[in-house]
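Listed below, chain by chain, are the residues.
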Amino acid sequence: MAWNDKRPMSPHLQIYKLPLTALLSITHRITGVGLSAGTLFLVWALVAAASGPESFATVQAVMSSWIGYLILICFTLALYFHFCNGIRHMLWDIGKGLDLESTKKTGPAVLIVALVLTVLTWLVAFAAG
Amino acid sequence: MSSNSLRTPLGKVKGLGSAKSGTHHFLVQRLTALALIPLTLWFCFSLASMPAMDYASFTAWLQSPVSASLMILTVLVTFYHASLGVQVVIEDYVSGHGLRLASIIAVQFVCALLAVVGTVSVIKILIGGAA
Ligand code: HEM
């Protein structure tokens, strides 16, 4: 049957290719929820350190394994993305950069800055440690 | 909603959530985000150096009043921000009134619990003295 409803449709998510603005928007939400779950590990590390050397040794073994590093690097990347995009959100809230032209520039900027901050953070850590 | 509906005004709004608190939620989400800007930079750089720390160096680091204060601030502000944020996500995706309310309350209780446990741990390390 031919589609003759003239009203605008919302995008069909499995067919429509999301533009970068939409992708970044959902990524802000995904990183927000992911970071919330990640804070469990922070509390775990603090509790372990408060409990004594044996329990903290487990935390340290996990963190310094390759999978631990991978998780920590992903966590900082997600946090820096959410951080940069969060600043973008708050600039929108005060009416700055809300037009399409600006969002097309600030979107990629968020990705680049988040990546640069992540690399910088780990370079400093590896240089010091 | 048509004005000649038989439903009472109270019946129409029941279960849609409390009035007068939406702006507050919006503002506190932004205020906590603002506070998290410097805290996040400090936290990420600290986090990246953690795998290289053993028990002695980690506790020595947290026994400095500056690190302990910043860590407690980070924990408190993060869990406040996270509970507000996850609440919005639940409101968007969980449609049953009972289940929605129950999950929001559960998230807030868990966040409060974790915030207190994290803070108490930092204080214990701080006053634990030379380990
Ligand atoms: C570990 C730290 C953080 C956690 C766990 C977290 C968690 C969340 C969550 C769950 C949301 C809700 C997402 C949604 O509604 O789609 C959110 C929203 C938000 N976050 Fe964060 N966040 C963190 C750090 C930050 C930082 C550092 C900033 C600073 C710039 C920030 C800025 C924002 C803003 C502005 C919003 C509102 C966005 C909106 O209205 O859709 N967050 N956060």
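Predicted, not measured: the structure shown is a model, and the values here were computed from it. (Residues numbered from 1 in each chain as written. Chains lettered and ligands numbered in written order. Predicted model: local features only at pLDDT ≥ 70, side-chain atom pairs only at ≥ 80, totals over all residues. Heavy atoms only, no water.)

Caption draft 1: Here's a closer look at the nonpolar core. Judged by nonpolar contacts, the single largest core of 47 residues is most densely connected at L46 of chain A together with F43, F58, L62, M71, F79 and V122 of chain B. Secondary structure elements with two or more residues in this core: α1 (20-51), α2 (53-63), α3 (66-93) and α4 (100-128) of chain A together with α2 (22-49), α3 (55-62), α4 (65-93) and α5 (97-127) of chain B. (Core = buried A, V, L, I, M, F, W, Y, C linked by side-chain atoms within 4.5 Å. Buried < 20%, exposed > 50% of the residue type's maximum accessible area, 1.4 Å probe, protein only. Helix = DSSP H or I, 4+ residues; strand = E, 2+ residues; numbered from the N terminus.)

Caption draft 2: Up close: the site of the ligand. Neighbouring the ligand are 26 residues, the closest being R29 and H82 of chain A together with R30, T40 and H81 of chain B. R30 of chain B is positioned with one of its side-chain polar atoms (N or O) 2.9 Å from an oxygen atom of the ligand. With respect to the ligand, the side chain of H81 of chain B contributes an N or O atom lying 2.8 Å from a nitrogen atom. Of all the secondary structure elements, the ones that give two or more residues to the shell around the ligand are α1 and α3 of chain A together with α2 and α4 of chain B. Residue composition of the shell around the ligand, grouped by class: 13 nonpolar, 11 polar and two charged. (Near = heavy atom within 4 Å. Polar contact = N/O pair within 3.5 Å; in protein donor to acceptor, adjacent residues only side chain to side chain. Nonpolar A, V, L, I, M, F, W, Y, C, P; charged D, E, K, R; others polar.)

Caption draft 3: The arrangement of the pattern of salt bridges in detail. The full count for this structure, using the stated rule, is three salt bridges over all chains. Between D92 of chain B and R29 of chain A there is a salt bridge; the shortest N-O distance is 2.9 Å. Of this pair, D92 of chain B sits in helix α4 while R29 of chain A sits in helix α1, which puts the two residues in different chains. By relative accessible area, D92 of chain B is classed as partly exposed at 48%. Close ionic contact of R30 of chain B with D93 of chain A constitutes a salt bridge, the shortest N to O distance being 2.7 Å. Linking R30 of chain B in helix α2 with D93 of chain A in helix α3, this pair reaches from one chain into another. For R30 of chain B, a relative accessible area of 24% translates into the label partly exposed. (Salt bridge = Lys/Arg side-chain N within 4 Å of Asp/Glu carboxyl O.)

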